[in-house]
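Tertiary structure, described
In case you want the letters, here they are:
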Amino acid sequence: MRRSTLVLRSLLSRPRGPLLCWFGLFTSLLLLLVLLAFGRAAEQHVLERLLPSDRVTLVPTQGAVGELLGRGGALVEDDAMAALRRLPGVATVGGRQKLRFSAYAIGGDALVGMNLWTELVADGIDPALLPDDLRDRFAASPEEAGCGSEQPCPGRSCVPEDEIWAVRGALERDAAEAILRRGTRGLRWVWRDVAGDGFHLVVERGPRMDALATLQRLQAPGRDIDIDVCDDGGWCDPARRACAQPVPVIVHPLMLEVFNEQIRTIARGSRGPGRRLPRLEEASVRGLVFDGLLGRGFLGESEQLEAAGGERRVRLRVVGVSEMALPLGVTLPLSIVSDWNARYHDPMRAQGHDAVVVILDRAAAMEAVLEEAERELSLVLAPREAQMRRFIGVLEVVYGGLAGVLLVLLLLSTLHLFHTFSMATAERGAEFGAMRAVGARRVDIVGLVLAEALAIGLLGWVSAWLVFWPLWYAGPMLAEAAFGGLPVQPPTLFVVERWMVVVTALLACGSSALGALVPALRASHLSPYDALRS
């Protein structure tokens, strides 16, 4: 008789004990599998996104304390960055600098049909930290990098697009303003003094075309201005009255998620143009433009506003989405932010960096780099990343505790299997004695008992995967139901890898074989005479 037939007949002859052993192994393996797959999904789609294993942001020790207390601190100098580049395991080092003065962000006309004003929250980053496909688009244009009062800016002369009406002097200006006050409501405008061409009207808030129609209908003094469109996606810079390329910016994926899941939800429940807000994807957000008004914002005006020559309007264009961007703001090229900070804040502080980003060529070098940076350069983890590391450490402890509980449950299943097979081999003493009497070797008895145990273990392993398979398939739907609407939403609840299949199979076979090994050895050492007599 074949061994497989003997194994099947033995299990079916006494089904209660093997069935209980199978249930214990099945439950332990299923729960362990859910924990492993859920933990891997959290690591890949949430933890790795919040705290990458190959990237770290460092700040000066005084800077970290100053940030926690709400004031500025020390800066990272070029010498410290050069020392970081020489450390083993470091691939790229680049600086970050915050925008240190108040500014407006003006835009939204393409989305809601009117311009919205908000505070511009931004910082600058070294383009070397970005991937190659984004680095070229993000590099500062010649019109912005190093272009100022001392250095002329390239680009042909033009008429800014926000200018709609021109008057020759103060009397015509006052008359046009009186007509605007009488014929329109909700407008905010300023006059731009243009050398050799009087004053040009700029509507900052409100419908621009309505203002132009009112001036034309009521025959205001002056003339309308023909818009001069720049080529190659450029715009007419009002400060220079010359064509220039918009400043490139990148946004964080979190910005898109907050917009899609929160802002659009609020807008759909409100009256107004916001009800038509479209869903923003990475491809659709690329190319969006908005303006910035430097030196003046909701939080006040720059202390160096007069020294900088007054407020300045700039055009910004989104060129991509990156995890390197400011989570709830926009990120510009470092050279441009440094130049703006030098004009509107403090030229001395514009030379340093608020933080330095270190990209590693291998994650294993992280701890050594952190230790060396703190000991030799007085650089520590940025407060946000330090808090995230502590939070992840707590999660790892909880996760390890749950895994330990499940391993204990698996151990209890092994002990139950040991008890079941001890009782079964004692009851089957006559059977094993007869087998020995007809020529079966001890190894044959051991092999038979272990084969029965392995059959139970494999059955528990297969059934655990069969039950887990629908959960794995429904992972995206479960993630949407559990975390839908949250800023950081994983695409699925479970991630399965090959090693999980191998590990669960080894645990199933190993625990079942371990539980049946001692009873199998006892059964093989039974004397045929004693077994048959009993």
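**A few points about the pattern of salt bridges**
Between side chains of opposite charge, a pair can form as their charged atoms come close. With the rule as written, the count across this model stands at 22 salt bridges. For Arg 315, the salt bridge goes to Asp 291, with nearest N and O atoms at 2.3 Å. Residue Arg 315 is found in strand β16 (residues 312-321), and its partner Asp 291 is found in strand β13 (residues 289-294); the two are separated by 24 residues along the sequence. Among the residues examined, Arg 315 registers a relative accessible area of 11% and is labelled buried. Given the relative accessible area of 9%, Asp 291 is considered buried. Asp 339 is paired through a salt bridge with Arg 343; the nearest N and O atoms lie 3.3 Å apart. Of the two residues, Asp 339 and Arg 343 are both situated in helix α11 (residues 334-344); the distance of four residues between them amounts to about one turn of the helix. Assessed through its relative accessible area of 21%, Asp 339 is described here as partly exposed.

**Observations regarding the state of the cysteines**
Scanning the model with the defined rule gives one disulfide in all. What pairs with Cys 158 in a disulfide is Cys 236, and their sulfur atoms sit 1.9 Å apart. Where Cys 158 bonds to Cys 236 through sulfur, the torsion about that S-S bond is close to 100°, and the disulfide is right-handed. Of this pair, Cys 158 sits in the loop between α6 (132-138) and β6 (163-167) while Cys 236 sits in strand β10 (residues 235-237), placing them 78 residues apart in sequence.

**Focus: the confidence of the model for the protein chain**
Scored by pLDDT, the protein chain comes out at a mean of 81, with 86% of its residues at no less than 70. Within the protein chain, helix α3 (residues 61-69) has the poorest average pLDDT of any element, 53, and strand β17 (residues 330-333) the best, 94. Low pLDDT, under 50, characterises residues 64-71; the predicted model gives this stretch nine contacts beyond four residues in sequence or across chains.

**Topic: the pairing of strand β4 (residues 116-119)**
By the alternation rule, side chains of β4 split into Trp 117 and Glu 119, which are all buried, and Leu 116 and Thr 118, of which none is buried. One ladder, built from four bridges, connects strand β3 (residues 103-107) with β4; its direction is antiparallel. Within β4, the position partnered with Tyr 104 by the bridge is Glu 119.

Reading the values: rules and limits
Residues numbered from 1 in each chain as written. Predicted model: local features only at pLDDT ≥ 70, side-chain atom pairs only at ≥ 80, totals over all residues. Heavy atoms only, no water. Salt bridge = Lys/Arg side-chain N within 4 Å of Asp/Glu carboxyl O. Helix = DSSP H or I, 4+ residues; strand = E, 2+ residues; numbered from the N terminus. Buried < 20%, exposed > 50% of the residue type's maximum accessible area, 1.4 Å probe, protein only. Disulfide = S-S within 2.5 Å. pLDDT = per-residue confidence, 0-100. Contact = heavy atoms within 4.5 Å. Pairing = 2+ DSSP bridges.

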